[in-house]
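Chain and residue survey
Here's the letter readout for the chains.
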Amino acid sequence: MNKVAGRIFKVNGPIVSAKLTEMLKMMELVYVSEFLLIGEVLSIENDVATIQVYEDTSGVKPGDVVYGSGLPLSVELGPGLIGNVYDGIQRPLEVIAEKSGIYIGRGINIPALNREKKWHFSPMVKEGDYLTGGRIIGIVQETEIVEHKILLDPALEGKVIKVVPEGDYRVDDTIAIIKNKENKEVEVKMYHRWPVKFPRPIEKRLKPSLPLLTGQRVVDVFFPIAKGGTAGIPGGFGTGKTITQHQLAKWADAHIIVYIGCGERGNEITEVLEEFPKLIDPRTGKPLMERTILIANTSNMPVTAREASIYTGITLAEYYRDMGYDVAIMADSTSRWAEALRELSGRLEEMPAEEGFPAYLGSKLAAFYERAGYCLVKSGNYGSITVIGAVSPPGGDFSEPVTQNTKRFVRCFWELDKFLASSRHYPSINWMRSYSQYIDDVKQWWETNVASDYTEVRIRSFEILQKEDRLQKIVKLIGPDALPDSEQLYLDVARMIKVGFLQQSAYDEIDTYSTPEKQLKILRLILKFFDKASELIRSGVPIYVIRNMKTISKVLRIKISVPNDKLEEIELIEKEVFEEFKNIETEYLS
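Since the model is a prediction, treat every value here as computed from it, not as a measurement. (Residues numbered from 1 in each chain as written. Predicted model: local features only at pLDDT ≥ 70, side-chain atom pairs only at ≥ 80, totals over all residues. Heavy atoms only, no water.)

1. Notes on the overall build of the chain
Cut-off, in case you're wondering: Secondary structure elements are defined from DSSP: runs of H or I of at least 4 residues count as helices, runs of E of at least 2 residues count as strands, and each element is numbered from the N terminus. Note that the radius of gyration is over C-alpha atoms, with the globule rule given as 2.2 Å times the number of residues to the power 0.38. Whether a residue is buried, partly exposed or exposed follows from its accessible area with a 1.4 Å probe, protein chains only, as a fraction of its type maximum: under 20%, in between, or over 50%, in that order. Two residues qualify as a contact provided that any one of their heavy atoms is within 4.5 Å of a heavy atom in the partner residue. Using a 1.4 Å probe, accessible areas were evaluated by the Shrake-Rupley method; residue-level cover was limited to the displayed protein chains. When charges are counted, Lys and Arg are positive and Asp and Glu negative, with His and the chain ends excluded. The location of each charge is read from NZ of Lys, CZ of Arg, CG of Asp or CD of Glu.
Broken down by element type, the chain carries 17 helices and 26 strands. Relative to the globule expectation of 25 Å for 590 residues, the C-alpha radius of gyration of the chain, 28 Å, shows essentially globular dimensions. Across its three principal directions, the C-alpha atoms of the chain cover 95 × 55 × 40 Å. Buried residues in the chain amount to 57% of all 590 residues. Restricting to contacts in the chain with at least 6 residues of sequence separation, those with at least 24 account for 70%. For the chain, the exposed surface amounts to about 24700 Å²; the carbon and sulfur share of it is 51%. Positive and negative side-chain charges of the chain, numbering 74 and 82 respectively, have mean locations separated by a distance of 1 Å.

Here it is, written out as structure tokens:
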């Protein structure tokens, strides 16, 4: 058993104060009372420690003991993480459910990684090699699509004096022995621990230049995010934040997905658990759960564990980034995390700032988003972490502190619009108020790998939407019929872009995911339609003739009628469109 470090004299919800008999360290993991509740030291003043408890403190009373561990709050990093569901402090929920039922019993401390399962280990080093922290020791096939690279603890370096042969081993079996710089022999296992609030070291941070393709047209073309980038998705209740993040988690071309359900409703986490095993990754043909880790901290779980869940998720992501993988984190939602900070700050009697949030809210958000990036890592590979955080402003008020602080630290802002959502336009990303600062970083990839006219197509499409937005203000005053035909065409083509391109169904088998090639082909066809229609209107063809073209409906249905592997059908639709234009020319201009 760990040493007795002190006795509790004050309990305030999840915050307890203890009189120390043995000195503890800041951020040290402790066990509280005979229930052995997991806690963390927040502050030490003389011989009094303030402790944040990550479990329900019912029944804890003054006089109960506190046990020290000598370690910070850490996570276990090794094979077996993929496909697992953890709570905010990395306890495996499926194993807990077998022991304590559907609710987490107090004081349950189960290892995050299965100690009985054997993994086939192939060594990548030999005796006599000198290894620095973060280097690859060997390889384990974690799932059919993820090759797990066993990494040396970044805090350890030295000479390999023994390594086991290829074979099947448990995670806590010794696979190597290293003589460190102090000439001490250190046993290396298949896993190591890392404190969640300390970023894992890297060699060099690099400029993001590759897009994170999501298959969501409004994101990929208009507001792209780079691998290693950061994005915020603010939106009021019912605007589709969770479904948008589900779509990004399903279809993003990242190697690993870490989905953090932070303070969300249990049914939303259930939807992920039910859907992901059934969904097939379009790149590998395997279930999505074979590349996904879930951190489930629902709204009925302790508020303190909600605060820790964000750090747990980003640390797991850093581990896979250090192997050389591209990792995407979906944090849903950072507002619930900020509310946990506010509640804990209030119990600690700290001076509140705007709307009761702690004064350090901005620095906490910055520390989280700054752990994203595209990096050269210690293993010698290149890896990235892309962070996409949902924000749930009360009443849809984007001037509240969490949204405003998030805007300071992210370079991609996808604002969800209540009006679009109520009109059943999903994803409800407002194209006039959203932005991406990664466009210049990723356009070279698009122009080299997809189409050289990417920038032109994007800008021209966006100009039509901007013109339509200005014209709508006039239309509200005088009606659309008062506009000249050339300007009414802007309204019609903007509608084609909105309905035929921006609007996308997550539940349609074809429309749920669009390849980059399909995305640009749809937009290019709409622009060709606009150019030809403009030419005819200048020649005297009335707008109602253009508006009544039968092929317009076919253009709008491309997204749901043309599969990603049959893009030649778009060219056939284009031929039909221009045949109808030719008939109009013959009828009105000859």
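2. Some words on the domain arrangement of the chain
Put simply, the test is: Note that domain bounds follow an automatic or database assignment of domains. Note: buried area is the sum, over both parts, of the accessible area (probe 1.4 Å) each one loses when the two are combined. By definition here, a salt bridge exists when the distance from a side-chain nitrogen of Lys or Arg to a carboxyl oxygen of Asp or Glu is within 4 Å.
Each assigned domain of the chain is listed with its residue range as follows: domain 1 (3-72), domain 2 (117-190), domain 3 (204-438) and domain 4 (451-589). Domain 3 and domain 4 are separated by 33 Å when their C-alpha centres are compared. Taken together, the 22 residues of domain 3 in the interface contact 24 residues of domain 4. Interface of domain 3 and domain 4: buried area, both sides summed, is about 2200 Å²; carbon and sulfur atoms make up 60% of it. Inspection of the region where domain 3 meets domain 4 yields one salt bridge.

3. Structural notes on the sheet that holds strand S10 (residues 130-131)
Stated precisely, the cut-off is as follows: Strand pairing is assigned whenever DSSP identifies at least 2 bridges connecting the two strands.
Judged by pairing direction, the sheet is antiparallel, and its four strands sit side by side in the order S10-S13-S15-S16 without closing on themselves. Strand pairing shows two members of the sheet lacking a second neighbour, S10 and strand S16 (185-189), which therefore form its edges. Of the strand pairs in this sheet, strand S13 (residues 158-163) and strand S15 (residues 174-180) are connected by five bridges, and their pairing is antiparallel. Following the sheet pairing, Lys159 is matched in S15 by Lys179.

4. A closer look at the packing of aromatic side chains
Spelled out, the test is: Stacked, tilted and edge-to-face are the three classes applied to pairs of Phe, Tyr and Trp rings, where Trp contributes its six-membered ring and a pair requires centres within 6.5 Å; stacked means planes under 30 degrees apart, edge-to-face means over 60, and tilted covers the rest.
As enumerated under the stated definition, the model contains 17 aromatic pairs in all. Relative to Phe462, the ring of Phe223 lies with its centre 6.2 Å away and its plane at 85°, an arrangement referred to as edge-to-face. Residue Phe223 is found in the loop between helix H2 (217-222) and strand S19 (230-234), and its partner Phe462 is found in helix H11 (residues 454-478); the two are separated by 239 residues along the sequence. Considered together, Phe223 and Phe462 belong to a single accessibility category, that of buried residues. Of the aromatic side chains, those joined through ring pairs into one cluster are Phe222, Phe223, Phe462 and Phe501.

5. Thoughts on helix H6 (residues 334-347)
Which entries qualify depends on this criterion: The span expected for a helix works out to 1.5 Å for each residue beyond the first. Polar contact is the term for a pair of N or O atoms within 3.5 Å; when the atoms are in protein, one must be able to donate a hydrogen and the other to accept it, and sequence-neighboring residues count only if both atoms are side-chain atoms.
Compared with an ideal rise of 1.5 Å per residue, which puts 14 residues at 20 Å, H6 spans 20 Å between its outermost C-alpha atoms and is within 8% of the ideal. Among the residues of H6, those classed as buried are Thr334, Ser335, Trp337, Ala338, Ala340, Leu341, Leu344 and Ser345. Backbone nitrogen of Ser335 and a side-chain oxygen of the N-cap are separated by 3.2 Å at the start of H6; the cap is Ser333. Phi turns positive one or two residues past the end of H6, at Glu349, with a value near 60°.

6. Details of helix H12 (residues 485-502)
Count 3.6 residues to each turn of an α-helix, and residues three or four apart come out pointing the same way. For H12, built from 18 residues, the straight-helix expectation of 26 Å at 1.5 Å per residue is met to within 8% by its first-to-last C-alpha distance of 24 Å. Of the residues making up H12, those classed as buried are Gln488, Leu489, Leu491, Val493, Ala494, Met496, Ile497, Lys498, Gly500, Phe501 and Leu502. Looking at the buried residues of H12, the elements they touch are H2, H11, helix H13 (516-538), helix H14 (543-547), helix H15 (551-556) and helix H16 (558-561).

7. Topic: unusual backbone geometry
Following Asp332, the chain continues to Ser333 via a peptide bond in cis, the omega torsion being 5°. Mapped onto the elements, Ser333 comes out in the loop between strand S22 (326-332) and H6. A cis amide bond links Tyr426 with the next residue in sequence, Pro427, at an omega value of -10°. Tracing the backbone shows Pro427 in the loop between helix H9 (418-422) and strand S26 (435-436). In this model, Asn183 sits at a positive phi of 65°, which is unusual for a non-glycine residue. Tracing the chain through its elements places Asn183 in the loop between S15 and S16.

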